[in-house]
Each structure stands twice: as structure tokens, then as C-alpha cells.
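Residue-level structural notes
So the chains spell out like this:
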Amino acid sequence: KDWGTLGFLVLPGFRERTFAGVDGRLRLEIPVDTDNALYESSAKEKHTDFAIRFTKTIDAWDIGLAHFVGTSRDPLFVLDTQNFTLVPYYPQITQTSIDAQATLEDWLLKLEMIYRTDFGEDYFAAVTGFEYSTYGIWGSTKDLGWIVEYQYDERSSIGSGAFQVDISDVVVLGARLAFNDIQSTEFLFGLGFETDNDAQFFSIEGSRRIGDDMKLSIEGRVFTGIDDNALLDTFFYSFRKDDFIQLTLDWYY
């Protein structure tokens, strides 16, 4: 309608999250027992959930409002002290969110916020930032975008019971390089760091088409500044030895 778009969703089923095993990346320090997931609802994964979303464009702004009631797509973790594993627990939650993006010539301003209740505790979280693009750098067809992002969570820790890990706000700085060629070559470089400690991560993502039916992709992560004795002091502790670089060749047929 002229006043916007309104969508209603009925979700009759639910698929549990998958987690990397002991040989996978990125994986938690304590293995996750996905075979014995727990639910607050007696209907378990067959609980019927509901959501509503409203979107509208106002001048340069694209705005979305949403409300969700049902099984959390993110689990809490319960520590099984006998087997020393983390058991996922999916509570019934209520979540209200807003997302907004403004397109102002070379600038993109972005904001996402949620308020979630019954997820162990009620809390507010948000991600905001901007991307500034420079077109035709060095007299070429390449575009360069600069990215700044701030991730806020009012909680001081996540987890429950015997398993609780301190969390911190995160600042991310990045650069996106688009070659604008026939092969759609592009790279995304990032640096992120927690504001309450020295934990940092570096990332690279890139892709390029090869011929008419193949694509070559690269992805890498490096984690630094993480104290080996800070088991519960930083969320990145589990990833301190998960540095990796990955090359993928996709063939479409």
C-alpha cells in the first residue's frame, strides 16, 4: 500500500542451529552437544511461532519494524558437567526490532536494534555504522568503500548457570574494493576489536568469477591479543587458535 508494506509470518517448524565440531572452525572451547537440545516448549521444534514486519521508504530512509514471538533462533547454553559439553537450550522469547538505512549520495548510514525478553534476561542490543564509497579511484573503474561499525550489547556476559562468558562491545573497521570488471572481482578487508580488552581479529573475503560457470572465493580470519588464561573473560577466547585461510572453487552446472 501507499503507507508501506505489512507482512505476517506463521512459522510452523524450527531447525536447530548447527555448530562446528572439535576439528571445525569457528568452534567454541567446550564442544556443543547438538544431539540433546533442550526446549522450553513441550512442542519442541514443532512449536508454531509468529512474526509481523512493516517496511516503508521515507525520502532517503528505508525503515523496517518487526515483532517476533516464539522459539529463539539463538540458543542459550547449559553446561553438562558430567560430559563437559554445552547443551543448547531454546527458550520462548519475544523480540522487537528496527532496522534503518539512509542512502545519501556517497554515504550509507545503517542501524539495527533489538529488544529481546525471556532470553535468560531481558536486554537491548544494536549495531550502527556507515559506509562511504569513493568511485573511480586512481582514475580507474574501481570503487573503494570505507566501513565503520559499532556493535553494542547491554549485557555484561552471555550464558547461564556454570557457563557464563564476559562480552564486550565491538568496533569494526573495514574496506571494500570492487573492481567493477566482467568477472565481478571484489575484496572486503576488516579489523575488529573488543572495547574492554585487547582481543582483535582481522578478516579478508574476496571472490572472482572464472569463465561462465566457475567462481573462486577466498576467506580468512586471524585472531590476536587474546590471553591464554582468559577463558571466561572474552568471547573471542574460543577462537584464539582458529586462524585460517580458505580457498573455494564453485562450479555451476
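A brief look at the structure comes next.

With that out of the way, let us pick up the overall build of the chain. For the chain, the count of helices and strands is zero helices and 17 strands. With the C-alpha coordinates of the chain rotated into their principal frame, the extents come out at 60 × 50 × 45 Å. The burial tally for the chain puts 33% of its 253 residues in the buried class. Contacts in the chain between residues at least 24 apart in sequence constitute 51% of all its contacts with a sequence separation of at least 6. As displayed, the chain offers around 15,600 Å² of accessible surface, 56% of which is attributable to carbon and sulfur atoms. Charged side chains of the chain number 21 positive and 42 negative; the gap between the two group centres comes to 6 Å.

This part covers the environment of glutamate 16. With respect to the helices and strands, glutamate 16 occurs in the loop between strand S1 (5–11) and strand S2 (38–39). Along the backbone, glutamate 16 and glutamate 205 are 189 residues apart, and their C-alpha atoms lie at a distance of 27 Å. Of the polar contacts made by the side chain of glutamate 16, one reaches the side chain of tyrosine 39; its length is 2.8 Å.

As a further point, take the environment of valine 148. Along the chain, valine 148 falls in strand S10 (residues 143–153). C-alpha separation for the pair valine 148 and glutamate 45, spaced 103 residues apart in sequence, amounts to 38 Å. Aside from chain neighbours lying at most four places away, what touches valine 148 is Thr128, Gly129, Phe130, Val172 and Leu173.

All right, on to the layout of surface pockets then. The gaps left among the atoms become clear once a water-sized probe is rolled over them. Its boundaries defined by the atoms lining it, the second largest pocket holds a volume of some 480 Å³. Residue lining of the second largest pocket: 25 residues in total, with Ile147, Glu149, Val172, Arg176 and Leu188 positioned closest to the centre. Of all elements in the fold, only strand S7 (92–104), strand S8 (107–119), strand S9 (121–135), S10, strand S13 (170–178), strand S14 (186–194) and strand S15 (200–210) reach the threshold of two or more residues within the lining of the second largest pocket. It is S9 that contributes the most residues to the lining of the second largest pocket, five residues altogether. Within the lining of the second largest pocket, the residues separate by chemical class into eleven nonpolar, seven polar and seven charged.

To continue, consider the sheet that holds S2. Read from one edge of the open sheet, three strands run S2-S6-S5, paired in mixed fashion. If you trace the sheet from one side to the other, it starts and ends with S2 and strand S5 (76–80), each paired once.

With that settled, the discussion passes to the nonpolar core. By size, the foremost hydrophobic cluster in this structure holds nine residues: Val170, Val172, Ala199, Phe201, Phe223, Ile226, Phe236, Tyr237 and Phe239. Apart from the residues lying within four places of it in its own chain, the contact partners of phenylalanine 239 are Leu26, Arg27 and Phe223. Ranked by size, the runner-up nonpolar core spans seven residues in total, among them Ala51, Ile93, Phe119 and Ala125.

Another aspect to go through is a negative patch on the surface. Together, Glu40, Asp118, Glu121, Asp122 and Glu154 make up a region of like negative charge exposed at the surface. With respect to the helices, strands and loops of the structure, glutamate 121 is situated in strand S9. When its relative accessible area of 39% is taken as the criterion, glutamate 121 is described as partly exposed.

For the peptide bond that leads from arginine 25 to leucine 26, omega is -5 degrees, which places it in the cis range. On the secondary structure map, leucine 26 appears in the loop between S1 and S2. Residues other than glycine seldom take positive phi values, yet asparagine 180 does so here, at roughly 55 degrees. Mapped onto the elements of the fold, asparagine 180 is located in the loop between S13 and S14. For asparagine 180, a relative accessible area of 46% gives the class partly exposed.

What counts and how
- Residues numbered from 1 in each chain as written.
- Predicted model: local features only at pLDDT ≥ 70, side-chain atom pairs only at ≥ 80, totals over all residues.
- Heavy atoms only, no water.
- Helix = DSSP H or I, 4+ residues; strand = E, 2+ residues; numbered from the N terminus.
- Buried < 20%, exposed > 50% of the residue type's maximum accessible area, 1.4 Å probe, protein only.
- Contact = heavy atoms within 4.5 Å.
- Areas by Shrake-Rupley, 256 points an atom, 1.4 Å probe, with all protein chains shown as cover.
- Lys, Arg positive; Asp, Glu negative; His and termini not counted.
- Charge placed at Lys NZ, Arg CZ, Asp CG, Glu CD.
- Polar contact = N/O pair within 3.5 Å; in protein donor to acceptor, adjacent residues only side chain to side chain.
- 1 Å grid on protein atoms, 1.4 Å probe; cavity = no way out; pocket = protein on both sides within 12 Å on 5 of 7 lines; lining within 4 Å.
- Points joined across faces, edges and corners; volume = space filled by probe spheres on them.
- Nonpolar A, V, L, I, M, F, W, Y, C, P; charged D, E, K, R; others polar.
- Pairing = 2+ DSSP bridges.
- Core = buried A, V, L, I, M, F, W, Y, C linked by side-chain atoms within 4.5 Å.
- Patch = residues over 30% accessible without salt bridge, like charges linked within 9 Å, V, L, I, M, F, W, Y side chains within 5 Å.
- Salt bridge = Lys/Arg side-chain N within 4 Å of Asp/Glu carboxyl O.

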